[in-house]
Amino acid sequence: MIHIPVLRAGKPYRSLSVNRIPHVETGQPFAEVSQANRGLIARDLLDVRKSKRALEALTVAELLAICKRAATLFMEAELPIGDATQSPEDYVTQTSATTGLPQTLVRRNMDKVRLNMDEMEAILGGLTRGLDLSILDFGWGVQDNRRLSYAVEANALGAILPSNSPGVHSLWIPAIALKVPVVLKPGSGDPWTPFRIVQALIEAGCPREAFNYYPCAYDGATEILLRTERSMLFGGASTVKAWENDHRVQIHGPGWSKVVIGDDRADSWEDYLDLIAESVAANGGRSCINASGVWTTRHGRELADALAVKLAQIQARPLDHPDAEIAAFANPKVAERISDMIDSQLKTPGATDLTLKHRGTPRFAQLGECGFLNPTVIWCDDPTHSLANTELLFPFVSVVEAPQEEMLERMGSSLVVTALTDDQSFIRDLLASPHVDRLNLGAIPTNRISWDQPHEGNLFEHLYRQRAFQATA
Amino acid sequence: MEILSPTLTKQVAESRERLDAQVREVVQWHFDPDKGTPFWIEYAEKLDFDPRKEIGGYDDLKMLGHFEDEWLRGGPVRRWVPKAYADKPIYVFETGGSTGLPKNRISIRDFHLDYEMFSDSLSDDGFPKGADWLMLGPTGPRRLRLAVEHLAQTRGGICFHVDMDPRWVNQLIRDGKFQELDAYKAHVINQALKILRAHEGIACMFTTPKLLEALCERISLEKVGIKGIFCGGTEMNAQFNRFAREELVPGVDFQPTYGNTLMGLAMSKPFDTADNYAIIYYPPVPRAFIELVDPDDPERTVDYGETGRVMLTTLTKEFFVPRFLERDEAERAMPIEKFPWDGVQNVRLLTTLQDSVVVGVY
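All of these numbers come straight from a predicted model, not from anything done at the bench. (Residues numbered from 1 in each chain as written. Chains lettered and ligands numbered in written order. Predicted model: local features only at pLDDT ≥ 70, side-chain atom pairs only at ≥ 80, totals over all residues. Heavy atoms only, no water.)

A. Local environment of the domain arrangement of chain A. Residue and element names in this part refer to chain A. Per the domain assignment, the segments of chain A are domain 1 (37–253) and domain 2 (257–441). Measuring from the centre of the C-alpha atoms in domain 1 to the corresponding centre in domain 2 gives 31 Å. In this assembly, 15 residues from domain 1 lie in contact with 16 residues from domain 2. Together, the buried faces of domain 1 and domain 2 total about 1,100 Å²; carbon and sulfur atoms form 49% of this surface. Across the domain 1-domain 2 interface, the total number found is zero salt bridges. Here domain 1 and domain 2 share seven residue pairs in polar contact (both at pLDDT 80 or more) between them. Of all the secondary-structure elements, those providing two or more residues to the side of domain 1 that touches domain 2 are α4 (88–99) and α5 (103–118). A total of five residues in the side of domain 1 that touches domain 2 trace back to one element, the largest contributor, which is α5. (Domains from an automatic or database assignment. Contact = heavy atoms within 4.5 Å. Buried area = accessible area lost by both parts, 1.4 Å probe. Salt bridge = Lys/Arg side-chain N within 4 Å of Asp/Glu carboxyl O. Polar contact = N/O pair within 3.5 Å; in protein donor to acceptor, adjacent residues only side chain to side chain. Helix = DSSP H or I, 4+ residues; strand = E, 2+ residues; numbered from the N terminus.)

B. Region of interest: the pattern of salt bridges. Residue and element names in this part refer to chain A. On inspection of all chains with the given rule, the structure shows 54 salt bridges over all chains. Close ionic contact of Arg 114 with Asp 111 constitutes a salt bridge, the shortest N to O distance being 2.8 Å. Within this pair, Arg 114 and its partner Asp 111 are both found in helix α5, separated by three residues, close to a single helical turn. On the accessibility criterion, Arg 114 (22% relative accessible area) is partly exposed. (Buried < 20%, exposed > 50% of the residue type's maximum accessible area, 1.4 Å probe, protein only.)

C. How the structure looks around the packing of aromatic side chains. Summed over the entire model, instances satisfying the criterion amount to 39 aromatic pairs over all chains. Taking the centre distance of 6.4 Å and the plane angle of 85° together, the rings of Phe 67 of chain B and Phe 324 of chain B count as edge-to-face. Taken together, the residues Phe 67 of chain B in the loop between α3 (51–54) and β1 (91–94) and Phe 324 of chain B in strand β14 (residues 320–333) connect sequence positions 257 residues apart. Of the two residues examined, Phe 67 of chain B and Phe 324 of chain B, each falls in the buried class. Here the aromatic cluster, defined as three or more aromatic residues joined through ring pairs, consists of Phe 31, Phe 39, Trp 40, Tyr 43, Phe 67, Trp 71, Trp 80, Phe 319, Phe 320 and Phe 324 of chain B. The positively charged end of Arg 196 of chain A is found above the aromatic ring belonging to Phe 74 of chain A, 5.6 Å away from the centroid. Cation over ring: Arg 332 of chain B sits above Tyr 304 of chain B, and NZ or CZ is 3.8 Å from the ring centre. (Phe/Tyr/Trp six-rings, centres within 6.5 Å; stacked < 30°, edge-to-face > 60°. Lys NZ or Arg CZ within 6 Å of the ring centre and 35° of its normal.)

Quick look at the structure:
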């Protein structure tokens with residue numbers, strides 16, 4: 001069985017505690033992941049300054065070159081994994097096997113990660129708003145006739161990572177180029193992606209000390225969040241709640257992303273069907289940037305019905321099928337429970353599942369040992385219905401009708417809003433709303449990310465603070 | 001299955017005879033209408049047999065069913081005091097770290113005896129006679145606080161203490177107040193550091209796995225003169241045992257233990273590299289016995305090496321707990337010469353409870 005070790009300042013460590021992760025198609029143990037105990041993490045982090053010094057010895061330019069080489073290695077090379085090696089194809093099948101993501105989607109995500117490392121210079125440009133990056137090497141510099149100095153706020157970036165989509169790992173990689181070591185807790189279903197990224201970066205010349213990789217239980221994750229001066233935390237609402245008021249922790253919770261159609265465009269809803277379908281279902285509907293709500297002032301029912309016809313064409317397929325578009329649940333019972341929960345909430349008047357009649361098969365589907373949830377479109381004629389603002393780990397969307405002036409109030413917070421409107425007053429309200437994180441004005445699907453426009457917090461601003469600086473010379 | 005040597009086979013048989021004799025004596029004692037324990041005398045009235053006549057050994061305890069720890073919640077607590085001991089000074093200890101209605105266990109001298117037995121198993125190199133102790137673990141209404149002090153006194157030492165309230169720790173975890181939890185831990189550790197630095201005579205200590213980790217982040221225990229650590233209070237696995245021996249306290253006599261207020265203290269098999277850091281515990285037979293049973297069929301004892309649910313029996317004249325199904329599971333381990341009866345390996349929370357119970361918090 002493949003074994004994935006802990007990495008302590010880059011050095012592999014085989015723990016006596018292991019987590020065996022099952023293959024979603026067979027339910028049988030597929031890989032063995034060493035587990036770091038809480039105290040081991042705490043002890044290692046006492047020395048994390050040393051890891052930081054190793055990265056400080058390189059310039060940002062050198063680190064950008066390393067990222068570029070790592071991009072190719074991540075995509076093409078045979079890289080170490082435990083006592084074995086992993087080819088790119090191995091990575092695809094292994095990640096698919098334990099996350100349930102179809103192999104086609106793993107490949108697409110793999111390319112996102114490659115692109116992130118390859119385009120790191122542009123990403124840092126976006127994060128730093130065009131800062132001369134050599135200022136980070138020397139501590140200060142002059143740009144546009146202004147003296148600038150930045151102080152790093154952390155000896156390491158902690159990252160409590162998810163398993164839902166490999167592409168999400170693009171969010172922590174810039175820390176390396178910004179000279180900050182990482183302390184990673186992989187999601188239990190996807191230990192593969194962060195491990196392969198780390199191996200690619202090491203192979204490309206990055207000091208191995210910059211990487212701590214700790215598969216662990218909740219207490220280990222807590223330790224990482226407590227011990228690293230800056231961190232990012234991915235998780236559901238209940239997981240992130242305890243850390244919401246800790247400025248050291250950047251929260252990546254549920255997205256509740258939405259497509260909003262202004263009153264001026266409501267009659268043109270048919271023009272946006274493809275955009276909405278992509279926003280809901282791309283990447284298996286598993287990302288926080290997938291839309292879980294469509295808000296419009298009228299024609300909601302017709303829109304929902306047409307969207308249901310479109311999404312009902314997506315059906316569960318084997319993970320290695322070239323046209324597979326939705327992911328299997330690692331535990332089919334979880335999928336069944338989610339489906340039951342939706343049905344139970346549908347008993348409350350004000351919401352209807354429109355996909356069932358068009359698909360003709362139930363929402364829950366079983367292929368072999370795999371459990372799937374087929375795309376689901378809910379028509380909510382009551383904007384206060386509990387399903388009107390629900391995010392689930394599959395292509396699930398509620399179409400809600402509400403007056404434009406009430407929309408922003410009723411919608412709650414949204415990671416991404418794609419606003420389809422030319423109404424300047426409505427646009428001003430959207431721009432002013434503290435509940436909208438990323439705003440796409442115009443026909444841009446919610447899942448289309450421009451890497452130079454960071455959302456859910458800016459990693460550079462999370463890690464660095466501009467320092468007041470004067471010098472006599 | 002490993003074959004036992006003839007000597008060990010004989011020792012196992014002898015220990016079993018002692019266990020059966022202890023069962024007979026304890027059943028006679030607790031069910032005696034004149035001198036016995038009110039709870040058990042009343043319990044016997046509901047039975048269609050007389051335990052004193054029918055129970056002749058450990059296996060016959062099946063006739064009593066399983067002890068339910070819910071019986072220990074609430075009063076009157078004196079129903080657990082044998083009439084023969086009614087005029088003795090009585091301690092009451094509470095189990096667990098939860099904030100529900102506490103479970104109580106009465107005690108008179110049991111905790112002294114248990115820890116005197118444990119003392120006999122400690123080496124004088126790791127736990128020198130006359131050395132002072134630091135007790136860094138749960139205090140308050142817990143047996144451990146007085147027991148460790150008695151252990152220190154038994155070995156001629158004086159025991160220093162730091163207050164630690166595991167129920168507050170539990171509450172902070174339930175509320176997701178991790179920063180407060182960290183601050184409380186630092187508060188506890190700071191007090192321990194002051195004591196260790198101020199009292200050079202301290203060479204031994206009791207602490208829990210998590211407090212040991214936290215303490216070792218701040219100080220080298222070997223450098224401040226600690227020679228032996230008795231560790232317990234919460235679950236420990238092989239990885240922790242290895243981590244402690246290799247990184248936290250190399251060179252210190254590290255003694256992991258498994259125990260609780262109901263049973264007393266199970267000692268661990270002397271460290272052997274062949275065990276790959278697995279911790280194997282042996283209960284203090286005949287005062288207590290652990291049987292590993294099929295979680296779905298507690299009447300079936302599992303085979304050696306097989307995983308089973310911990311079923312605990314306590315057999316003292318102060319307290320009788322027959323066949324209590326603990327919330328732990330483990331693998332059944334073979335008898336050894338030092339402990340010629342069954343042991344338990346890799347004790348951990350029952351798989352079925354692992355998502356619902358807060359354990360190992362202090």
